[in-house]
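Observations on the three-dimensional arrangement
Take a look at the letters that make up each chain.
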Amino acid sequence: MTRRRGFRPGDWESVAGRLDEILCAHGGEDPLEAALALVVAKLEHEAAGHERPFLDPRGALAEQRRLLESAARRWPGVFDVAPSVALGELALERCAAVLRELELSADGLAGLDALFEVLVHGAHKGEKGQYFTPRYVARELAAMLAPRPGERVVDPACGSACLLRQALAFEPRCEAWGFDVDARAARIGRAAIALSGHPPERLRVCDSLARGAVGAQASIEATMRAEAPGFGGFDLVLTNPPFAGDVGASYARGYELARLGHGERDVLFLERALELLRPGGRLAVVLPHNKLGGAAFAELRAWLLERMRVVAVVGLGRNTFRPHTGQKTCVLFGVRRRARGEVPPDEPILFALSERDGKDARGRVLRRQGGEVDHDLAELVDEVARRMRDAAEELAR
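In this report, we go over the structure that sits alongside the text.

The rules behind these values
- Residues numbered from 1 in each chain as written.
- Predicted model: local features only at pLDDT ≥ 70, side-chain atom pairs only at ≥ 80, totals over all residues.
- Heavy atoms only, no water.
- Pairing = 2+ DSSP bridges.
- Helix = DSSP H or I, 4+ residues; strand = E, 2+ residues; numbered from the N terminus.
- Axes fitted to C-alpha atoms, helices over the stretch in contact; angles between N-to-C directions.
- Contact = heavy atoms within 4.5 Å.
- Buried < 20%, exposed > 50% of the residue type's maximum accessible area, 1.4 Å probe, protein only.
- Right-handed = clockwise from strand over helix to strand, strands pointing away.
- 1 Å grid on protein atoms, 1.4 Å probe; cavity = no way out; pocket = protein on both sides within 12 Å on 5 of 7 lines; lining within 4 Å.
- Points joined across faces, edges and corners; volume = space filled by probe spheres on them.
- Nonpolar A, V, L, I, M, F, W, Y, C, P; charged D, E, K, R; others polar.
- Core = buried A, V, L, I, M, F, W, Y, C linked by side-chain atoms within 4.5 Å.

This part covers the sheet that holds strand β7 (residues 329–336). With mixed pairing, the 8 strands of this open sheet are ordered in space as β3-β2-β1-β4-β5-β7-β6-β8. Looking along the sheet, the strands with just one partner apiece sit at the ends: β3 (203–205) and β8 (350–353). Here the average twist between neighbouring strands, direction ignored, is 15°. Contacts between helix α16 (residues 381–396) and the sheet are confined to β5 (277–288), β6 (308–316), β7 and β8, with β7 contributing the most and set at about 30° to the helix.

As structure tokens, this is what we get:
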């Protein structure tokens, strides 16, 4: 007998799971599209300060349409295509009952992140290798990279823009750009950026691995030259790219690492990230552990060291991306060299390993007394940030 999933107010993962269950049970619709319409209506309801309960059972469909129209006026440019009203009265009321007493806009948009994480189907995520960065991890990575006022930071696989939002939270005066090949991910990212009070139009739908125009889409460089004359590269790259997915041999051959026998999607993203950086620019990228530790990728690491001053490698716990995957990952921190050359033998690299990853083996977030996530990345922030700053200054001399 199927058990109904429970949900606990304040536990956004359980809320998202309950919504996913309701949406799938009513069938016939794409759960993510239906959820997107529901979430945008809820955010507009909160922003407008309505006194009536969210989606009162009497006339809920008409109210949702009105809220979506109002949201389009409040946040112009957030959605290229407005979310459609995709649910019937019964399903809409069941979903509204889950959300009615909650605030999606509270706690740094934690609810929006959780809904996006759960409602993207597991099989779809797995084949793309898309494992979205937990907010508490994104916060510490942004602090380690330490954007400064006026610096341009880019995430070429931005998804729901969690990493970019944390960069903006660390330094609101930096300029955050995001690109993602998934149009729906970009729509949710634009909504999150807009709700954070920053320009949503800097998140674009784009195949970041494509250097030239693809169909109607311009490359990242072409977009930036049009938007920012004199563009010579980003100051920072902060990204957690997809690890899997076949990009095609003819496509991959345009990359030097692919010609060396490493055409994996995450490897191509690493090469692309270095291209997008200006000389002296700083990088933080999440990678599978084997890329920086496995014997089969020694040539890749030699290639990388010639082009980037590797500052630190931080191993993340195996539970970090559960329940979606238990793959071991690490974060590479470095500064792009001004010219390719021989690697000095005395360049120090900090190797660190997280021992408290904030989740259990089932992917449930672990919290300390007081509610803080039980992880230890914050202990590394000052040291990694200092080393990154020193390396950038050294290469600038």
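Within strand β2 (residues 175–180), 6 of the 6 residues are buried, which leaves it mostly tucked inside the rest of the structure. Side chains Glu175, Trp177 and Phe179 project from β2 onto one buried face, and the interleaved Ala176, Gly178 and Asp180 project onto a second face that is buried too. Across 4 bridges, strand β1 (residues 152–155) lies against β2 in parallel orientation. Looking at β2, one finds that Arg152 is bridged to Glu175. The parallel pair β1 and β2 is bridged by helix α8 (residues 162–170), and the resulting crossover is right-handed. As judged from the 3 bridges shared by β2 and β3, these two strands associate in the parallel manner. Note that in β3 the partner of Gly178 across the bridge is Leu203. As a crossover connection, the stretch from β2 through helix α9 (residues 183–195) into β3 is right-handed.

Considering only enclosed or pocket space, the second largest pocket measures out at about 310 Å³ in volume. Of the residues forming the lining of the second largest pocket, the biggest block, 4 residues, is contributed by β6. Split by residue class, the lining of the second largest pocket holds 12 nonpolar, 4 polar and 3 charged.

It is characteristic of soluble globular proteins that their nonpolar side chains tend to be buried jointly. Ranked by internal contacts, the top residues of the largest apolar core, which has 46 residues, are Leu19, Leu38, Phe54 and Leu55. Counting only elements with at least two residues in this core, the list comes to α1 (12–26), α2 (31–48), α3 (60–74), α4 (89–99), α5 (110–119) and α9. By residue number, the principal contributor to this core is α2, which donates 10 residues. Grouped together as the second largest cluster of nonpolar side chains are 44 residues, Leu141, Ala176, Val331 and Phe333 included.

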